[in-house]
Amino acid sequence: MTTASDSVLDFTDVSVAFRSDGPTASAPAVDGVSLSLRRGEIFGIVGESGSGKSTLANTVLGLLPSSATVRGHVRVNDRDVLGLSESDLRALRGDEVAMIFQDASASLDPTWPVGDQIAETIRAHRAIGRRAAREQAIALMTEVGIPDAASRYGDAPHRLSGGMRQRIVIAAALANNPQLLIADEPATALDVTIQAQILQLIDRLRRDHGTTVLLITHDLGVVAQVCDRVGVMYAGRLLEVGTAHELFARPTHPYTRALLAASPNRVARGTRLPVVPAQWSVESLHESEAVAEAEAAQ
Ligand SMILES: Nc1ncnc2c1ncn2[C@@H]1O[C@H](COP(=O)(O)OP(=O)(O)OP(=O)(O)O)[C@@H](O)[C@H]1O
Ligand SMILES: [Mg+2]
């Protein structure tokens, strides 16, 4: 049982539906998800494309479009964030909660020196002078593994490699020592070696700063490598939660079993979740759940 004090992020029965323009109501993108993240853990969410991972994550910082209706409760440190005003959300973003997306280039302003972008993030949340912010930005750049950070401070994003740009984004995300880091496919756009380095970096930051991490990924190898616990999403629902070890060794939900069976070398790095086998419709999901329940009852 998780008590209020050791959970940083709580989803309680969260559902998200997008208003569609057509005559038929579309299925909910997120469907009744309940989940608590323990302080200091790396929690992985896996699931095929379209299963609702990003939509769930985007509820936390109010990043969904106005066509989305969110129900349930999302709490950060016991505070419900769904009803927060835009200015309260701004204060939450980058301070208590930081988010990293797949495409670093899209998060950075192409016309601005990368170091200044980190320094401004610091100054947006704390009353410190320019010079001190610059020094802290350089220290952060060094911490995330940018060699000779002081001389890269003034570089525009395009002068850095993709992996370096993603490190800058991570440095900016960590600038105010957030308690919770949400990373939505933070390394997917990068080549495999750089991916591994970025994940090691996230793991080290968690160790050094005690940051709680919600890590969204398609990649089962990533889960096996860095996640403490994992949740499997399918068609908007959180089907199963367990330690990475439990999930790989003893998947209980039929979908998880199908998923693992469909990934031949499933814990190797770079193994991506297969698109769900054709027989898996939401109906078959319900049916197989009924079968699993019946099996369990015997
Ligand atoms: N802005 C939007 N308007 C309408 N529907 C949306 C919107 N964003 C997401 N959806 C729908 O919600 C569902 C979940 O999408 P979501 O982006 O959360 O999936 P995902 O698991 O993050 O997929 P991926 O792995 O491809 O990033 C999909 O059916 C998608 O089409
Ligand atoms: Mg996504």
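Residues numbered from 1 in each chain as written. Chains lettered and ligands numbered in written order. Predicted model: local features only at pLDDT ≥ 70, side-chain atom pairs only at ≥ 80, totals over all residues. Heavy atoms only, no water.

A. Geometry of the overall build of the chain. Scanning the chain from N- to C-terminus turns up 12 helices and 10 strands. Burial analysis of the chain (298 residues in total) assigns 49% to the buried set. In the chain, once contacts between residues fewer than 6 apart in sequence are set aside, the share between residues at least 24 apart is 67%. Of the roughly 13900 Å² of accessible surface on the chain, a fraction of 50% belongs to carbon and sulfur atoms. (Helix = DSSP H or I, 4+ residues; strand = E, 2+ residues; numbered from the N terminus. Buried < 20%, exposed > 50% of the residue type's maximum accessible area, 1.4 Å probe, protein only. Contact = heavy atoms within 4.5 Å. Areas by Shrake-Rupley, 256 points an atom, 1.4 Å probe, with all protein chains shown as cover.)

B. Spatial organisation of the site of ligand 1. Near ligand 1, the surroundings consist of F18, A29, E48, S49, G50, S51, G52, K53, S54, T55, P65 and H218. In the model, an oxygen atom of ligand 1 is placed 2.7 Å from a nitrogen or oxygen of the K53 side chain. For ligand 1, whose accessible area on its own is 630 Å², the fraction buried by protein is 58%. Looking at the shell around ligand 1 element by element, the count peaks at three residues for helix α1 (residues 53-58). Of the residues contributing to the shell around ligand 1, the split by class is three nonpolar, seven polar and two charged. (Near = heavy atom within 4 Å. Polar contact = N/O pair within 3.5 Å; in protein donor to acceptor, adjacent residues only side chain to side chain. Nonpolar A, V, L, I, M, F, W, Y, C, P; charged D, E, K, R; others polar.)

C. Molecular detail of the side chain of N58. On the secondary structure map, N58 appears in helix α1. If we ignore the near neighbours within four places in the chain, the residues touching N58 are L63, L64, M99 and F101.

D. Looking closely at empty space enclosed by the protein. By the definition in use, this model includes one cavity of 30 Å³ or more. Only α10 (244-249) and α11 (254-261) provide two or more residues apiece to the lining of the largest cavity. Looking at which element gives the most residues to the lining of the largest cavity, the answer is α11, with three residues. (1 Å grid on protein atoms, 1.4 Å probe; cavity = no way out; pocket = protein on both sides within 12 Å on 5 of 7 lines; lining within 4 Å. Points joined across faces, edges and corners; volume = space filled by probe spheres on them.)

E. Examining the sheet that holds strand β5 (residues 79-80) more closely. Taken together, the four strands give an open sheet; going across it, the order is β2-β1-β4-β5, and neighbouring strands pair in antiparallel fashion. The outermost strands of the open sheet, each flanked by one partner alone, are β2 (30-38) and β5. The pairing of strand β1 (residues 7-18) with β2 spans six bridges and is antiparallel. The partner of V16 across the bridge, within β2, is V30. (Pairing = 2+ DSSP bridges.)

F. Region of the structure containing the environment of I146. On the secondary structure map, I146 appears in the loop between α5 (130-143) and α6 (149-152). I146 gets classed as buried once you look at its relative accessible area, which sits at 5%. For the pair formed by I146 and I168, sequence separation is 22 residues and the distance between their alpha carbons is 8.3 Å.

G. The arrangement of the packing of helix α4 (residues 114-125) against α5 in detail. Direction vectors running N to C along α4 and α5 enclose 115°, while the axes themselves pass 8 Å from each other. The handedness of the crossing between α4 and α5 comes out as right-handed. Here α4 contributes V114, G115, I118, A119, E120, I122 and R123 to the contact with α5, which in turn contributes R130, A133, R134, Q136, A137, L140 and M141. Of the residues assigned to the contact of α4 with α5, the class counts are eight nonpolar, two polar and four charged. (Axes fitted to C-alpha atoms, helices over the stretch in contact; angles between N-to-C directions. Left-handed = near helix turned anticlockwise from the far one by under 90°.)

H. Seen up close, the confidence of the model for the chain. Of all residues in the chain, 85% have pLDDT values of 70 or greater, and the mean over the chain is 85. Long-range and interchain partners of residues 266-271, a stretch whose pLDDT sits below 50, account for 20 contacts in this model, where long-range means more than four residues apart. Low pLDDT (under 50) marks residues 276-282, which in the prediction has 12 contacts with non-local residues, meaning those over four places away or in another chain. (pLDDT = per-residue confidence, 0-100.)

I. Spotlight on the layout of surface pockets. For the largest pocket, the calculated volume is near 480 Å³. As for the largest pocket, its lining consists of 18 residues, and the residues nearest its centre are G94, M99, T121, A172 and A173. With four residues, α4 is the single largest residue contributor to the lining of the largest pocket. Along the lines of polarity and charge, the residues of the lining of the largest pocket split into 11 nonpolar, five polar and two charged. Of the residues that make up the lining of the largest pocket, three or more belong to each of domain 1 (4-96 + 182-297) and domain 2 (108-177). Considered as a void within the structure, the second largest pocket measures approximately 190 Å³ in volume. What lines the second largest pocket is simply N58, T59, G62, L63, L64, P65, A68, V70, V81, L82, L84 and L89. (Domains from an automatic or database assignment.)

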